[in-house]
Every structure is written in C-alpha cells, then in structure tokens.
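Structural overview
Listed below are the residues making up each chain.
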Amino acid sequence: MSKEQRRNGAKGMSLIVKTITRLTVGLILLFGVYIVLHGHLSPGGGFAGGVIIALSFVHLMLAFGKEEAFKKVSEPVLSFFESVGALLFLGIALAGLSAGYFFLNFLPKGKSFELASAGIIPFCNIAICFKVGAGLFAIFVALVLLTVDVEKK
Amino acid sequence: MTPGCAIVPLCVAVPLGGAFLIALLGRKVRRLPDALGFMATLAALLLSLSSVGVVRTSGIVVYAVGGWAPPIGIALVLDGLTAFVLVTVNVIAFLVAIFSIDYMERFTAKWQFYALFLLMLAGMNGVVVTGDMFNLYVFLEIAAVASYALVAFGTEKHELEAAFKYAVMGTLGSLLILLGIAMLYGATSTLNMADMGRELAAQTPDSLLLLISALFLVGFGLKAAAVPFHAWLPDAHPSAPAPISAMLSGVLIKSLGVYALARVFFNVIGMTPQVSSVLMFLGALSMVIGVFLAIGQWDLKRLLAYHSISQIGYVLLGIGLATPLGILGGLFHLFNHSVFKSLLFLNSGAVEYATGTRDLQKMGGLARRMPVTSATTLAASMSIAGIPPFNGFWSKLIIIVAAVEAGRFGYAFWAVLASLLTLASFMKVMKYAFFGVLNEDWGDVKEAPFFMKFAMCALAAICILGGLLLLPAAYEPFLNAATKVLAEGTRYATLVMSEVR
Amino acid sequence: MAVYVLCLVLFCLGVYCILAKRNIIKIIVGITIAECAVNMFFVLTAYKTGGRAPILEPGAGIPVASMVDPLPHALVLTAIVIGLATTALMVAIAMRIYAKYGTYDIAEIRELKG
C-alpha cells in the first residue's frame, strides 16, 4: 500500500488482496461449515471446522483492517458465542444424564453414512465449532490488538 | 447404576457450567459472579460430602460415561481415596470463594477471577474423579492453565515474572507426563487405569517401565513441587492474590501432584521398593531444604511458600513408606496441610488487605487491632508446628511413628528436626507480625471484613477439631477407606473391572 | 524404532532450547518444539506397516483389521488444542512482561530473588 493511500486513510492490504479476499472468504467459511456438519462422516469435526471458520474471520481482518472485521462480528458477539458454545456442550451432556448416563447418545441414530445420523454427535460438533471458532478469533484479536506502552525503567 | 451415582460427573459439570455462565453473564450483572461462585462451590462441596456416603454404602462406584463400558469407554471411578481428596479440595474451594467476595473487590474484572477459579476447580475435581489416563492429562492441563492465568491476575511486574516461570516449568512437567502416557499406551494398548494395571501386572517389568516411572516421577514431582523441582513455587505462590495462593498451595499441588502420583504409582504401575525409596528420599529432601530456606525469609508469603515445600515433603515421606500406617499418616497430613496452609495464606491476605505490606519487619503488634486474624493465625501456626491437640500434631506423629516402625530411623530424625525448625519459624512470624508493640503506622487498621473473617474462622475450627477425624466413627468411612485403596495397590484393577457389568 | 528415537531427540532439542536460551520468545518456541515431538511420538505409536486410514465407507470398504489405530489420533488432536491454549497464554504474559520490564532477556527479568 503506497504512502499516498495511507495518508488518505485507507486500511488493510492492497487492491489485489482485497479483491481476491472478497471472492474467497465466503468459500472458506462455507468449507468450515461443511467440515463441521460432516464431522461424523468424514475426518474433521468440531475442532478442525472451528479453526477454519476462525481463520476466515482472520483473513477478513488481515485483508480489510479491523473495522471491517468488527462490523461482521463484534467483540461482545465473540464472547457470547464462546460461552454459548461451552454451555451448549454441557447442556447436551446433562441432557444425556436425564436419559440415563452422562453424555449418553440419546437421539435416534438413523442409518449409517447419512447426514442425519449418529445421535448427539452433530450437535456436539456444532457446539465445539462455536467455542473453538470464537475462541481462536478472540485469541488473535487479543494478541494482535493489545497495545501496551513500555514502562520506562 | 443407581441415581445416586450421578453425582460423580456432576462434581465436574457443576463448576464448569458455573464458569461459563459467569463468562456469559458476569460482565453485566454486578453481584452475579460472587453469587454464582458461592453457589457453584457450595454445590460442589455438598456433592463431595455425599460422595463419602455413597462410597460407604456401595463400595467402589464405576461410572461409565455415555453408557460405554470400560475399557472401551471413559470411566469415572469413585473410591475411598477419590472421596477423601474430593472433600479436601471442595471444602477449601468453598471457603476460599467466600473469602474472595471481599478480598477481590480491590481488583478489576472480578468476573474473570471467578470464571478462572471455577475452571480450576472443575479441572481439579476432574483429575480426582477420572479413571482414565488421558482424561487425567486433560483435566490436569485445564487446572494448570487456569492457575497460570490466575497467578498473573494482577498484571503487576512480579506477578507476570512469577507466572511466566510457573507456566514454563508447569508445561515442561505436563509434557513429560504426556510422554509417559504415550509410552504406557504403547506398552499396554489401553488407556483405562484399571485395564492398564491388569496388563502391566501380566508383563515382566523391563527398562521401558523404568523410563516411564522416571518420567512420571519427574513430571508429577514438578507439579507437586518436590525438591529438586520446586523452583517455581517460591515465586508463584507469593505473587498470586491471596485466595489463589491458598488454592495453589492448599489444593492444587496436592490434587495435581501428590494424588496423581499416588494413584499412578500405587494402583497402575505398582509400588516397588526402588520407587518407594526414591519417594522417601525426595520427601526427606523437601522437608529439610524447605524449612532451612524458610527460616531466613522476611516476606510473609514467601516464608509460607517454602513451608509448603517442606510439608509436601512430609506427605511424600508418609506415602513413600508404603506401609498402611505410613499411607494413613501421609493422607491425613495432606488433608491437614490443605486446611492450615490455606488458612495461613488467607491470614496473610487479610494482613495485606489491612496494612498493604507483606514484610514481617514492617509489621508489629497487629494482634491488638486485628484479633480474629491473629487468633486464627495462632491456631494455624500451632497446627503446622505440630503442637497437640491441633490436627497437625496427629498426622506428623503418625508419620514419625510409621517411619520408626519401618526401621527408617534416619528419616524419622529428619522429620522431627524439620518439625522443630517449623516451630521456630512460626514463632518468628507470630512475634514479628502480631505480638509485641503496635507499630505507629498501623494505629488505625481495621479488622478484616465479614466474609474474610467467616472463612478464616471456619478453617480454624477445622484445624482445632481435625484430630477428631481419628475417632472410629469418623475414621472408618473417610481416612480408612482412602488408606485401604492405596495399601491394596494393584488390587484396584480387579476391583474396578469387577464393578463393570 | 529409529523414528521413536528421532522423536525423543527432537524432544531433547526442545528441552535444551527451554533451558539454554535467554530470550523469552525463544523459550516459548522451545516449548512448542518439545510439544510437537511428544505429539509425533504419540501418533507414531498408532502406526502399523501397511495400514490404511481409519475411515469407514459404505459398502465393503477397507477391512477394519488393516486400519491404523484411531485412538491416538483423537488424543493428539486434544493435546494440540491444549498446547495452543498454553502457548497463547504464555505469549500474552510475555507481551505484558515486555511492557513492564522493557526487555525480553530473562537475565534482566530477575526482580524476584531469595
């Protein structure tokens, strides 16, 4: 980004990066969602999908600057999703308690290799995806935007 | 599986749920973190007390999570030792949570404190309750990472330096433990503790088992702050806020270090004479070096931290003796040390809250202005020095008698010597901090606020009445059940597998 | 056998880095190296020569007996996430140490003594 563009108050990276990001970031998010939802059928699941979703937001922040990224998901929304993900996971586990055991797989299991099968596992994956995605993006935001003034000795 | 057994996973789920509820709502509602912290720790305390009753009526309880029977599924095992350590951890956590209601008013972001505190409690409960090796590692890490963040909570210079040192050494210990678990998995191809015990008993011990034992000794020794792995403790415990020092010194090094060490070595790998003598040697080393380094300290919390190292040495010596009487002494001292060491750290917190200093040479004559604090400190000091009839006396006596009975007169001598030096050290604390002439600077300090007084008095009451735990009515379900689990050693495997239908 | 020894050599390199380096950030890198070594060791205990990926497929698919052990894979996933959390916390502490002390050199960050 050239000096004149910076003086005009433009943020983020160059025009080429911004154009390509506009095309690809939605696809990255969608890919993350695919990996989460198919966690019981193919490798991946909550952790990996959550990381990819977090990375799509990081990509947005790197290319466009933090205001644009915060317009899509602001910090209170981030901490809300993080806590809700963990509470949802605990809630599913405790719901299993009401049906017998902690964490029992109490929803109907359906046929193998179909999307709607394997009981509570897809819901657990979604809860983990919220937590890991929000958590990883929150870690990135905290570490990158933390500006502390060095105390002179 | 009776409904009463549902308390086993709830011991972990309740603090965890509380932590995330506080993270979700605590920012906006003013007194919510305090209330939720109080309720979550109270619920955990009630669950742990009822678990003692469950063990008394049903023996070992094996809870198969998700309905998957071990060794395929993860099992949560509730036996005598688990119930004992659960009660210890949750009693201290409840009283420290009450103390923090007033003490943490001075810090910003109290909701973060309570969220991390409940996470640490959930991790510690998980370590104690689990019956699966990798699950042990996961809960160990949850508690450890929460404690690194809590040590750095005030973000002052010293707190950050101490937290970094603690984090690096703690992570190194965890990596060694993970390496040991990986090798154990390679040797036995199972992760369930009972199944592993059975497989290891069927194999002949070879050099791999020796390497695994060494890795676990160093890894858990780093977590328990046994000498020579103690270097993080004198920096981390004084720099943390007082309630966190009480939790770290009182329960974290015990549930993450000593309990896990005892569980792995007695029930899974099996106690051998070599491991026993190494544990006794480390214990004796910790006892003596801890107390020698403590005597010269003028910073109150640093002195208490060095005494923690020394008292953990007593526990390791008792457990390392591997005789039933020695194990009884070690476990009883574990409980007693949790109580009186947390009380001492809470007292130092009350003194710091009132006067703003931790330096013994600047204090003086506080007994006149802070009667409750000085009375409870006196009770705790007499406990730690081993004066009858306080609880410390009984457990130290049992350890020394067990050492003499096993023929280890050298260790008994070092134990008595360390006890005398502890007495001298705490006489110094009482003289400089509480008795004597009132320093003019502290002419108008006030006694600690209500919740802090309540927590300190409750702990002091347990100190005074702790000896009653040796009466037959209380001894059977509580201490004896715990001792039997360790004394039986590898019979744990057959007991657990027979519970699984 | 040789691969296990190589993993342990990598672990020892990571531990050397933790012990011998003076810059805080290098110590954190050393922890990361040691963690990677332990995770690799764990995954290697799962491997079996001629094994296939442990994914079930509709129809006949791969015989289960020839799959590699999937349990350590799940455990290593958990261990990697734990390592991420620890590293993030240590980096945050290191950044605040720089703000308070003005240096990353551990020889100069020695206020706590005795």
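From a predicted model like this one, the values you see are computed outputs, not experimental measurements. (Residues numbered from 1 in each chain as written. Chains lettered and ligands numbered in written order. Predicted model: local features only at pLDDT ≥ 70, side-chain atom pairs only at ≥ 80, totals over all residues.)

Further remarks concern the overall build of chain A. When helices and strands are counted, chain A shows six helices and zero strands. Written out in order from the N terminus, the α and β elements of chain A read α-α-α-α-α-α. The 153 residues of chain A split such that 32% are buried. Intrachain contacts of chain A at a sequence separation of at least 6 include 66% that bridge at least 24 residues. (Helix = DSSP H or I, 4+ residues; strand = E, 2+ residues; numbered from the N terminus. Buried ≥ 20, exposed ≤ 12 C-beta atoms within 10 Å, placed from the backbone. Contact = placed C-beta atoms within 7 Å.)

Along the backbone of chain C there are three helices and zero strands. Each helix and strand of chain C, ordered N terminal to C terminal, gives the series α-α-α. Its C-alpha atoms give chain C a radius of gyration of 20 Å, more than 25% over the compact-globule value 13 Å for 114 residues. Overall, chain C is about 65 × 30 × 20 Å in size when its C-alpha atoms are taken along their principal axes. The buried share of chain C, reckoned over its 114 residues, is 26%. (Rg over C-alpha atoms; globule rule 2.2 N^0.38 Å.)

Another aspect to go through is the nonpolar core. Formed by 263 residues in total, the largest nonpolar core has its most connected members in B:Ala143, B:Val151, B:Ala163 and B:Ala415. Discounting residues that sit within four places of it in the chain, B:Val151 has contacts with B:Glu159, B:Ala162, B:Ala163, B:Tyr166, B:Ala236, B:Ser239, B:Ala240 and B:Ile244. (Core = buried A, V, L, I, M, F, W, Y, C linked by C-beta atoms within 7 Å.)

All names here are of chain B. The interhelical angle for the contact between helix H12 (residues 300-321) and helix H16 (residues 409-434), taken along N-to-C directions, is 160°, at an axis separation of 11 Å. If you check the angle between H12 and H16, you find them roughly antiparallel. The handedness of the crossing between H12 and H16 is left-handed. Judged by residue contacts, Leu300, Leu303, His307, Ser310, Tyr314 and Leu317 of H12 engage Tyr411, Ala415, Ala418, Thr422, Ser425, Val429 and Ala433 from H16. Considered class by class, the residues forming the contact of H12 with H16 number nine nonpolar, four polar and no charged. (Axes fitted to C-alpha atoms, helices over the stretch in contact; angles between N-to-C directions. Parallel < 35°, antiparallel > 145°, perpendicular 65-115°, else oblique. Left-handed = near helix turned anticlockwise from the far one by under 90°. Nonpolar A, V, L, I, M, F, W, Y, C, P; charged D, E, K, R; others polar.)

Let us now look at helix H2 (residues 32-58) of chain B. Since the α-helix turns once every 3.6 residues, residues separated by three or four places project in the same direction. Residue and element names in this part refer to chain B. In a regular helix each residue adds 1.5 Å, so 27 residues correspond to 39 Å; H2 covers 38 Å between its end C-alpha atoms and thus fits that length. All buried positions along H2 are accounted for by Pro33, Asp34, Leu36, Gly37, Ala40, Thr41, Ala44, Leu45, Leu47, Ser48, Ser51 and Val55. Those residues of H2 hidden inside the fold are in contact with helix H1 (7-25), strand E2 (75-78), helix H3 (80-103), helix H4 (110-129) and helix H18 (472-488). Where H2 terminates, the next one or two residues include glycine 59, which has phi positive at roughly 70°. (Expected span 1.5 Å × (residues − 1).)

This brings us to helix H7 (residues 193-202) of chain B. All names here are of chain B. The buried fraction of H7 is high, at seven of 10 residues. Residues of H7 that are buried include every one of Met193, Ala194, Asp195, Met196, Gly197, Arg198 and Leu200, and no others. On its buried face, H7 sits against helix H5 (133-151), helix H6 (157-188), helix H10 (242-269) and helix H19 (491-499).

So, about the pairing of E2(B). Residue and element names in this part refer to chain B. Alternating residues of E2 divide into Ala75 and Val77 and Leu76 and Leu78, and every residue in both groups is buried. Bridge count for strand E1 (residues 61-64) against E2 is four bridges, and the pairing is antiparallel. When the sheet's bridge partners are listed, tyrosine 63 is paired in E2 with leucine 76. (Pairing = 2+ DSSP bridges.)

Between chain C and chain B, the contact holds 30 residues from the first and 27 residues from the second. The set of elements that each furnish at least two residues to the side of chain C that touches chain B consists of helix H1 (2-20), helix H2 (24-44) and helix H3 (71-101) of chain C. In terms of residues, the side of chain C that touches chain B owes the most to one element, H3(C), which gives 15 residues. Its residues assigned to classes, the side of chain C that touches chain B comprises 22 nonpolar, four polar and four charged.

Residues and elements named next belong to chain A. With respect to the helices, strands and loops of the structure, glutamate 114 is situated in the loop between helix H5 (75-98) and helix H6 (121-145). The exposure class assigned to glutamate 114 is exposed, which follows from the 11 C-beta atoms found within 10 Å. Remark: the alpha-carbon pair of glutamate 114 and histidine 40, spanning 74 residues in sequence, is separated by 9.3 Å.

Bringing the packing of H3(B) against H10(B) into the picture now. All names here are of chain B. Contact pair H3 / H10: the axes reach a minimum separation of 9 Å and the direction vectors enclose 165°. Accordingly, the angle class assigned to the pair H3 and H10 is roughly antiparallel. Our pair here, H3 against H10, has a crossing hand that is left-handed. For the pair H3 and H10, the contacting residues are Val85, Thr88, Val89, Ile92, Ala93, Val96, Phe99, Ser100 and Tyr103 in the first and Ala242, Pro243, Ala246, Met247, Gly250, Val251, Ser255 and Tyr259 in the second. For the contact of H3 with H10, the class distribution of residues is 13 nonpolar, four polar and no charged.

Further remarks concern unusual backbone geometry. Residues and elements named next belong to chain B. A cis amide bond links valine 227 to the next residue, proline 228, at an omega of 5°. Structurally, proline 228 can be placed in the loop between helix H8 (207-224) and helix H9 (233-239). Even without being glycine, alanine 225 reaches a positive phi, approximately 55°. Under the C-beta neighbour-count criterion, alanine 225 is labelled buried, with 29 such atoms within 10 Å. With a phi close to 60°, alanine 322 is a non-glycine residue in the positive phi region. Note that alanine 322 resides in the loop between H12 and helix H13 (324-355). Judged by the 24 C-beta atoms lying within 10 Å of it, alanine 322 is buried.

Attention now goes to the confidence of the model for chain C. All names here are of chain C. For chain C, per-residue confidence averages 88 on the pLDDT scale, and 99% of positions sit at 70 or higher. Taken element by element, the predicted model of chain C shows its lowest mean pLDDT in H3 (91) and its highest in H2 (94). With a pTM of 0.93, the predicted complex shows an ipTM of 0.95. (pLDDT = per-residue confidence, 0-100.)

For any part of a model where pLDDT is low, the fine detail of the predicted coordinates should not be relied upon. In the predicted model, chain A carries a mean pLDDT of 82, and the fraction of residues at 70 or more is 80%. The secondary-structure element of chain A with the lowest mean pLDDT is helix H1 (residues 3-7) of chain A, recorded at 59, while helix H2 (residues 15-37) of chain A shows the highest, at 92.

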